[in-house]
Amino acid sequence: MINKKGLLLVVSGPSGTGKGTICKDIVSKHEDINLSISATTRKPRVGEVEGKSYFFKTKEEFEAMVDRGEFLEYAMIYDNYYGTPKKAIFDELDMGRDVILEIEMQGAMQIKEVYPQAVFIFVLPPSLQELRNRIVGRGTETDEQIEKRFNSAYDEIKLLGDYDYFIFNNIVEKSSEEILNILEVEKNKVKRYKKDILDMFEKEIKNVKTIIK
C-alpha cells in the first residue's frame, strides 16, 4: 500500500458564518485531524496557552521568522502580526495527519500561491439576513463594527471562485460532515498519488515475474 501524506484543509468565509465552530467540532471528534496554530505578536489573553492557543512571539522574533521564510502566510492586523508557521504544519502532514486551517481570504490566497496542493473550502451563510443575525447575536461588536462586517460580507463572497469547494453552514454537525466527505474524496484523487501507485505496481509485477520463472 502507498503511504498517503496528510492534507491541509484551508477553510475561509465571511465573519459570522461559523467556520471556527465547524473547525473545532471536526477536531474535537477526530484525533487524526489537527487544528493549525498561528503565531502572533499580540499579548496572551487570560486562559490562552503557548503552543495551543498561539505561538506567542515578540515583534523581533516574528520578523526574523519572516526573513527566514518560515511562514506559509502572514499579515499585520490591528498593529499585531499573525502568521501560519510552515514547520508545524508540514511535520504533521509528513506523518500522515491532516491539518485544518481557519483563515481569512487574503491569507488563504497567499497559501494557494506557495502550497496549491492544499484543499480550499469556502463557508457560506444560509442567507445574508441569517449572517447579520449571527453577527448581532454574538453581542461582541458595536453597531458600527456590525455594519462594517456585514457590508464587507458580500464582497468576500464574491471571492468564492478562488476556492475548490463550498458549503452552506446551517447546522454545524452537517457542515462538519460535508467537510469530512470532501477530505475523503481528496484523499482518493488519482492526481495526488498516480506516480506512487504506478511505482508500487511496477515493483510488484517485477517480483511476480521472478516468482513465475
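Looking at an unreviewed UniProt entry, one finds the protein named Guanylate kinase, with Peptostreptococcus stomatis DSM 17678 as its source organism. Turning to the protein, the UniProt annotation filed under Subcellular location (unreviewed entry) states: "Cytoplasm".

> Looking at this model, I keep getting lost on the UniProt feature "binding site: ATP" (unreviewed entry) in the protein. Mind explaining?
The residues that UniProt annotates with the feature "binding site: ATP" (unreviewed entry) are Gly-13, Pro-14, Ser-15, Gly-16, Thr-17, Gly-18, Lys-19 and Gly-20. Within this annotated set, the largest pocket is lined by Gly-13, Pro-14, Ser-15, Gly-16, Thr-17, Gly-18, Lys-19 and Gly-20. Here Ser-15 shows up in the loop between strand S1 (8–12) and helix H1 (19–29). Residues within four places of Ser-15 in sequence aside, it is in contact with Leu-131, Ile-135, Arg-138, Arg-149 and Glu-156. Gly-18 sits in the partly exposed class, given a relative accessible area of 22%.

> Would you explain the sheet that holds strand S5 (residues 71–77) in this entry?
Hydrogen bonds along the backbone pair up the strands of a sheet, which may run parallel or antiparallel. With mixed pairing, four strands are arranged side by side in an open sheet as S4-S3-S6-S5. Looking at strand neighbours, the two that pair on one side only are strand S4 (55–56) and S5, the edges of this open sheet. As paired elements, strand S3 (residues 39–40) and S4 share two bridges and run parallel to each other. Residue pairing across strands places Ala-39 opposite Phe-55, the latter belonging to S4. Against the sheet, helix H3 (residues 86–94) engages S4, S5 and strand S6 (80–85), with an angle of about 20 degrees to S6.

> Before we go on, may I ask you to explain the packing of aromatic side chains in this structure?
The relative placement of two aromatic rings is captured by the distance of their centres and the angle of their planes. Applying the stated criterion to the full structure yields eleven aromatic pairs. Measuring from centroid to centroid gives 6.3 Å for Phe-62 and Tyr-74, while their planes differ by 65 degrees, and the two rings are edge-to-face. On the criterion of sequence distance, the pair formed by Phe-62 in helix H2 (residues 59–67) and Tyr-74 in strand S5 is long-range, its members being twelve residues apart. Residue Tyr-74 is classed as partly exposed on the basis of its relative accessible area of 35%. Ring pairing ties together the aromatic residues Phe-62, Phe-71, Tyr-74 and Tyr-81, which thus form one cluster. Between the NZ or CZ atom of Lys-112 and the centre of the ring of Phe-120, over which it lies, the distance is 5.6 Å.

> Is there a simple way to explain the nonpolar core in this structure?
Grouped burial of nonpolar side chains is what soluble globular proteins tend to show. Core analysis: the biggest nonpolar cluster contains 18 residues, and Leu-8, Val-10, Ile-111, Tyr-115 and Phe-120 have the highest contact counts within it. Among the elements of the structure, S1, H3, strand S7 (98–102), helix H4 (105–114) and strand S8 (119–124) are those that each provide at least two residues to this core. Counting 16 residues, the second-largest nonpolar core is a separate cluster that includes Val-123, Ile-167, Ile-182 and Leu-183.

> Mind showing me how you'd approach the packing of helix H5 (residues 128–138) against helix H6 (residues 143–157) here?
How two helices sit against one another is set out by the angle between their axes and by the gap between those axes. Following both chains from N to C, one finds H5 and H6 inclined at 145 degrees, their axes separated by 10 Å at the closest point. The interaxial crossing formed by H5 with H6 has right-handed handedness. Contacts from Leu-128, Leu-131, Arg-132, Ile-135, Val-136 and Arg-138 in H5 reach Ile-146, Glu-147, Arg-149, Phe-150, Ala-153 and Ile-157 in H6. Among the residues making up the contact of H5 with H6, the classes are represented as eight nonpolar, no polar and four charged.

About the criteria used
Residues numbered from 1 in each chain as written. Predicted model: local features only at pLDDT ≥ 70, side-chain atom pairs only at ≥ 80, totals over all residues. Heavy atoms only, no water. UniProt positions renumbered as here; feature names shortened; annotations may be inferred. 1 Å grid on protein atoms, 1.4 Å probe; cavity = no way out; pocket = protein on both sides within 12 Å on 5 of 7 lines; lining within 4 Å. Helix = DSSP H or I, 4+ residues; strand = E, 2+ residues; numbered from the N terminus. Contact = heavy atoms within 4.5 Å. Buried < 20%, exposed > 50% of the residue type's maximum accessible area, 1.4 Å probe, protein only. Pairing = 2+ DSSP bridges. Axes fitted to C-alpha atoms, helices over the stretch in contact; angles between N-to-C directions. Phe/Tyr/Trp six-rings, centres within 6.5 Å; stacked < 30°, edge-to-face > 60°. Lys NZ or Arg CZ within 6 Å of the ring centre and 35° of its normal. Core = buried A, V, L, I, M, F, W, Y, C linked by side-chain atoms within 4.5 Å. Left-handed = near helix turned anticlockwise from the far one by under 90°. Nonpolar A, V, L, I, M, F, W, Y, C, P; charged D, E, K, R; others polar.

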